[in-house]
Amino acid sequence: MLKQIRYYKLPYIIYNFFNKKKLQHNIPLYKKYGISKSYFSSISSADFSHLPVTTRTIDQDKMVNSEFFKDLSAENKESALQYDANGYMVIRNFISTDDADKINGEIDQLMENGTLKFIYGGKLMFAIHHSEIIKNIGNNKKLLDFLSILLDGQAKLFQSINFINGSQQKTHSDSIHMTTYPLGGLLGVWIALEDVDETNGALHYIPQSHKLPYFLNSDYDNEGDSMMLGKKSYKAYEEFLENKVRELGLKKEIFRAKKGDMLIWHANILHGGEPHTDKNRTRKSLVYHFFDENSVCYHEVTQRPALFEL
């Protein structure tokens, strides 16, 4: 019975109704884009299908003149300049090993006292509410200004996720989970809190895959109707993408990271986690997600508007 209830939109709508404070950011945006929805209503890409497809562009002059870019090493600058072409950039030594150790110590303490608990298959959510160093790194003005240039918008910190072990998540685009209108209003930032390689769950990504269409509910027949969500499992989306990657002959690359290295990735780049085969090693890492605050933000699969907790 519970499995069936989760396909109905009404329980989500009721939940949303009592979270107006966390959803009110969308109210002026619905008006801006002519969307006749209440803040608590379900919403998906189908609601924007009548609107024009927009593109986001990166102003290279703004990028190279930003304070964040000026502070980068020559190697990191080269990677940053390839972001538009590749859909990702690698920033080596973004944080110090001391800061990485401090974050790991705080996470251990927050887990020990029960403040943070594993959910969604090994994720520790929203440590930004409990750790000053994690919050301050994510809200660093130079970083936010730089990410705003990449977004062609205004970057706002949405959430943090800490991992102790590799996610081992299959190849996906974040835009199926954290969708926006206009499309592309999301950035992912991943920071290695210890050395990572193929044996302890390294990230993988497919260069240039951000240039592919955004694959959403309609692409794998999972739109549902006015009362019901689509009934296909998330596995159906993973299989759809797996077939698409095979069909297009796309090849993944593995991010071998040292403690303190950072990866920034585009909203639509295909990425995932390698198998965590060495069970004697952890894979401690920190993820931030940033939205363009001028974009409507929602979860495509469950058709829920995004809750902003900051």
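Summarised in this report is the structure supplied together with it. None of the values given here were measured: they were computed from a predicted structure.

## Observations regarding a nonpolar patch on the surface
And step 1. A cluster of nonpolar side chains, contributed by Leu-10, Ile-14, Phe-17 and Phe-18, occupies part of the molecular surface with about 460 Å² of accessible area.
And step 2. Judged by its relative accessible area of 45%, Ile-14 falls in the partly exposed class.

## A few points about the nonpolar core
And step 1. Ranked by internal contacts, the top residues of the largest apolar core, which has 58 residues, are Leu-150, Trp-190, Ile-264 and Tyr-288.
And step 2. The greatest single-element share of this core, amounting to seven residues, is contributed by helix H11 (residues 141-151).
And step 3. Setting aside residues no more than four positions away along its own chain, Ile-264 makes contact with Tyr-83, Gly-87, Tyr-88, Met-89, Phe-146, Leu-147, Leu-150, Leu-187, Gly-188 and Val-189.

## Looking at the pattern of salt bridges
Side chains that differ in sign of charge can pair as their charged atoms come close.
And step 1. As enumerated under the stated definition, the model contains twelve salt bridges in all.
And step 2. The residue Asp-145 makes a salt bridge to Lys-141 at a minimum N-O spacing of 2.7 Å. Of this pair, Asp-145 and Lys-141 are both found in helix H11, four residues apart, which corresponds to roughly one turn of the helix.
And step 3. In this structure, Lys-258 and Asp-195 form a salt bridge, with 3.9 Å as the shortest nitrogen-oxygen distance. Within this pair, whereas Lys-258 is found in the loop between strand S7 (253-255) and strand S8 (262-266), its partner Asp-195 is found in the loop between strand S5 (186-192) and strand S6 (203-205), the two being separated by 63 residues in sequence.
And step 4. The class for Lys-258 is exposed, based on a relative accessible area of 51%.

## Observations concerning the pairing of strand S11 (residues 296-299)
And step 1. Taking every second residue as pointing to the same face, both faces of S11 are buried, with Val-296 and Tyr-298 on one and Cys-297 and His-299 on the other.
And step 2. Summarising the sheet, strand S4 (residues 179-181) and S11 pair through three bridges and their orientation is antiparallel. The partner of Thr-180 across the bridge, within S11, is Cys-297.
And step 3. Sheet analysis places S11 next to strand S12 (residues 304-305), joined by two bridges and oriented antiparallel. Within S12, the residue paired with His-299 across the bridge is Arg-304.

## What to know about the sheet that holds strand S10 (residues 285-292)
And step 1. A sheet is described by the order of its strands in space; here six strands give the open sequence S1-S8-S5-S10-S3-S2, paired in antiparallel fashion. If you trace the sheet from one side to the other, it starts and ends with strand S1 (88-91) and strand S2 (123-125), each paired once. Strand-to-strand twist across the sheet, computed as the mean angle between neighbouring axes with direction ignored, equals 20°.

## Regarding H11
Each full turn of the α-helix corresponds to 3.6 residues, which orients residues three or four apart in the same direction.
And step 1. Of all eleven residues making up H11, eight are buried, and the element is well covered by its neighbours.
And step 2. Residues of H11 that are buried: Leu-143, Leu-144, Phe-146, Leu-147, Ser-148, Ile-149, Leu-150 and Leu-151.
And step 3. You can read the cap of H11 off the contacts: a side-chain oxygen lies 3.0 Å from the backbone nitrogen of Lys-142, and it is on Asn-140.
And step 4. Backbone geometry just downstream of H11 places Asp-152 in the positive-phi region, at approximately 55°.

## Some words on the sheet that holds S6
And step 1. In spatial order, the strands read S7-S6-S9; together these three strands make up an open sheet with antiparallel pairing. Of all the strands in the sheet, the pair left with one neighbour each is S7 and strand S9 (271-273). Averaged over all pairs of adjacent strands, the angle between their axes in this sheet comes to 30°, without regard to strand direction.
And step 2. As defined by bridge partners, S6 adjoins S9 across three bridges and the pair is classed as antiparallel. Paired with His-204 across the strands is Gly-272, a residue of S9.

## Some details on the packing of aromatic side chains
And step 1. Counted under the stated rule, the structure contains 19 aromatic pairs.
And step 2. Judged by centre distance (4.8 Å) and plane angle (5°), the rings of Phe-48 and Tyr-181 are stacked. Of the two residues, Phe-48 is situated in the loop between helix H4 (26-32) and helix H5 (60-64) and Tyr-181 in strand S4; the sequence distance between them amounts to 133 residues.
And step 3. For the pair Phe-158 and Phe-308, a centre-to-centre distance of 5.3 Å together with 70° between the ring planes defines the contact as edge-to-face. With Phe-158 in strand S3 (residues 155-163) and Phe-308 in the segment after S12, this pair connects stretches of sequence that are 150 residues apart.
And step 4. Note on Phe-158: relative accessible area 8%, which makes it buried.
And step 5. On the basis of relative accessible area, Phe-308 is assigned to the buried category, the value being 8%.
And step 6. Grouped by ring-pair contacts, the aromatic residues Phe-215, Tyr-220, Tyr-234, Tyr-237 and Phe-240 constitute a single cluster.
And step 7. When the ring centre of Phe-163 is taken as reference, the NZ or CZ atom of Arg-283 above it lies at 5.4 Å.

Conventions we followed
Residues numbered from 1 in each chain as written. Predicted model: local features only at pLDDT ≥ 70, side-chain atom pairs only at ≥ 80, totals over all residues. Heavy atoms only, no water. Patch = residues over 30% accessible without salt bridge, like charges linked within 9 Å, V, L, I, M, F, W, Y side chains within 5 Å. Areas by Shrake-Rupley, 256 points an atom, 1.4 Å probe, with all protein chains shown as cover. Salt bridge = Lys/Arg side-chain N within 4 Å of Asp/Glu carboxyl O. Buried < 20%, exposed > 50% of the residue type's maximum accessible area, 1.4 Å probe, protein only. Core = buried A, V, L, I, M, F, W, Y, C linked by side-chain atoms within 4.5 Å. Helix = DSSP H or I, 4+ residues; strand = E, 2+ residues; numbered from the N terminus. Contact = heavy atoms within 4.5 Å. Pairing = 2+ DSSP bridges. Axes fitted to C-alpha atoms, helices over the stretch in contact; angles between N-to-C directions. Polar contact = N/O pair within 3.5 Å; in protein donor to acceptor, adjacent residues only side chain to side chain. Phe/Tyr/Trp six-rings, centres within 6.5 Å; stacked < 30°, edge-to-face > 60°. Lys NZ or Arg CZ within 6 Å of the ring centre and 35° of its normal.

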